[in-house]
Amino acid sequence: RANNSIAATTNTGTTPPLHHSTMSAAFLNTLKKVPVPVFGSAATAIKFATRKATSLPRYAPWGAPLVAGGLWFVWPAVDEEWKQSMGIGSSPAAAAPAAEKEEEAALVVELSEEAKEKVEKAYVLETVTVELSEEEKAVMKSVANGDFSVLEKDWDTFAEKAIIPGDGDDDDDDDDDDDDDEDDDEEEEDEE
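This is a predicted model, so every value here is computed, not measured.

A. Local environment of the overall build of the chain. Assigned secondary structure in the chain consists of twelve helices and two strands. Of all 192 residues assigned to the chain, the portion counted as buried reaches 5%. In the chain, once contacts between residues fewer than 6 apart in sequence are set aside, the share between residues at least 24 apart is 0%. Summing over all exposed atoms, the chain offers an accessible surface of approximately 17,500 Å²; the carbon and sulfur share of this is 58%.

B. How the structure looks around the confidence of the model for the chain. Looking at the chain, pLDDT values average 76 and 66% of them are 70 or higher. Low confidence marks residues 4–10, where pLDDT is under 50. Its contacts with residues over four positions away, or in another chain, come to three contacts.

C. Just the packing of aromatic side chains, in detail. In this structure the tally under the stated criterion is two aromatic pairs. Seen in terms of ring centroids, Phe39 and Phe48 are 5.2 Å apart; in terms of plane orientation they differ by 45°. Their pairing is tilted. Residue Phe39 is classed as partly exposed on the basis of its relative accessible area, which comes to 32%.

D. Representation of the environment of Ala42. Locating Ala42 in the fold gives a position in helix 3 (residues 42–53). Owing to a relative accessible area of 10%, Ala42 belongs among the buried residues under this scheme.

E. View of unusual backbone geometry. The phi torsion at Val38 lies on the positive side, around 75°, for a residue other than glycine. By the element assignment, Val38 lies in the loop between strand 1 (35–36) and strand 2 (40–41).

F. Layout of the pattern of salt bridges. In total, this model carries three salt bridges according to the counting rule given. With its nearest N and O atoms 3.3 Å apart, the salt bridge here joins Glu80 to Lys83. Taken as a pair, Glu80 and Lys83 lie in helix 6 (residues 80–85) at a separation of three residues, close to a single helical turn. When its relative accessible area of 42% is taken as the criterion, Glu80 is described as partly exposed. Look at Lys83 and you get buried, because its relative accessible area is 6%.

G. A look at the side chain of Ser142. Along the polypeptide, Ser142 turns up in helix 10 (residues 134–144). For Ser142, the residues in contact, after removing those within four places along its chain, are Asp147 and Val150.

H. Layout of helix 11 (residues 152–163). Taking 1.5 Å of rise per residue, twelve residues should cover 16 Å, and helix 11 covers 16 Å from first to last C-alpha, within 8% of that figure. Of all twelve residues in helix 11, zero are buried, a share of ten percent or less.

I. Up close: a nonpolar patch on the surface. Together, Val67, Leu71, Trp75, Trp82, Met86 and Ile88 line one region of the surface with nonpolar side chains, adding up to about 600 Å² of accessible area. Tracing the chain through its elements places Leu71 in helix 5 (residues 63–74). On the basis of relative accessible area, Leu71 is assigned to the partly exposed category, the value being 47%.

J. Highlighting a negative patch on the surface. A surface patch of like charges, here negative, comprises Asp147, Glu152, Asp156 and Glu160. Inspection of the secondary structure assignment puts Glu160 in helix 11.

About the cut-offs
Residues numbered from 1 in each chain as written. Predicted model: local features only at pLDDT ≥ 70, side-chain atom pairs only at ≥ 80, totals over all residues. Heavy atoms only, no water. Helix = DSSP H or I, 4+ residues; strand = E, 2+ residues; numbered from the N terminus. Buried < 20%, exposed > 50% of the residue type's maximum accessible area, 1.4 Å probe, protein only. Contact = heavy atoms within 4.5 Å. Areas by Shrake-Rupley, 256 points an atom, 1.4 Å probe, with all protein chains shown as cover. pLDDT = per-residue confidence, 0-100. Phe/Tyr/Trp six-rings, centres within 6.5 Å; stacked < 30°, edge-to-face > 60°. Salt bridge = Lys/Arg side-chain N within 4 Å of Asp/Glu carboxyl O. Expected span 1.5 Å × (residues − 1). Patch = residues over 30% accessible without salt bridge, like charges linked within 9 Å, V, L, I, M, F, W, Y side chains within 5 Å. Lys, Arg positive; Asp, Glu negative; His and termini not counted. Charge placed at Lys NZ, Arg CZ, Asp CG, Glu CD.

Listed below in structure tokens is the structure:
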């Protein structure tokens, strides 16, 4: 029957109907099978997007400020080479005119031989030899052999001092506080 109707419409000079309803139904059935995260299927995602698209004109006035704000934050992070390739950024040659290059060449400083020597030796540390006592030499020798029992007495002494509250390093802090108090007292006396 469909062939007869198509033939009949072609004879009358009108275009045949394009069966939109069956094509769209087939398309929707296909979309229902395509998985999409969060929405479940592509059909659900499209329905959601079309419903939300109707409210877009309400947010249109925010378009320009959002674009400007986005560019404000993103533009400094865009690669300079990309900007130049797009014709947006200025080339480095245009940024530094030839006159500035001549000024830089004129600012070259010549150093004397003595100054050059000092620069060369500035990072070299002078070797200072420290003479160790016999006791320190014995400790170094035993540590080099892997025997740390010589240091156990020092470690125990340190541990005892660290355990006792109000002793050791706290004394230094108290001394500093006392010095600060004395300075404050002197300032008050000077003001009177």
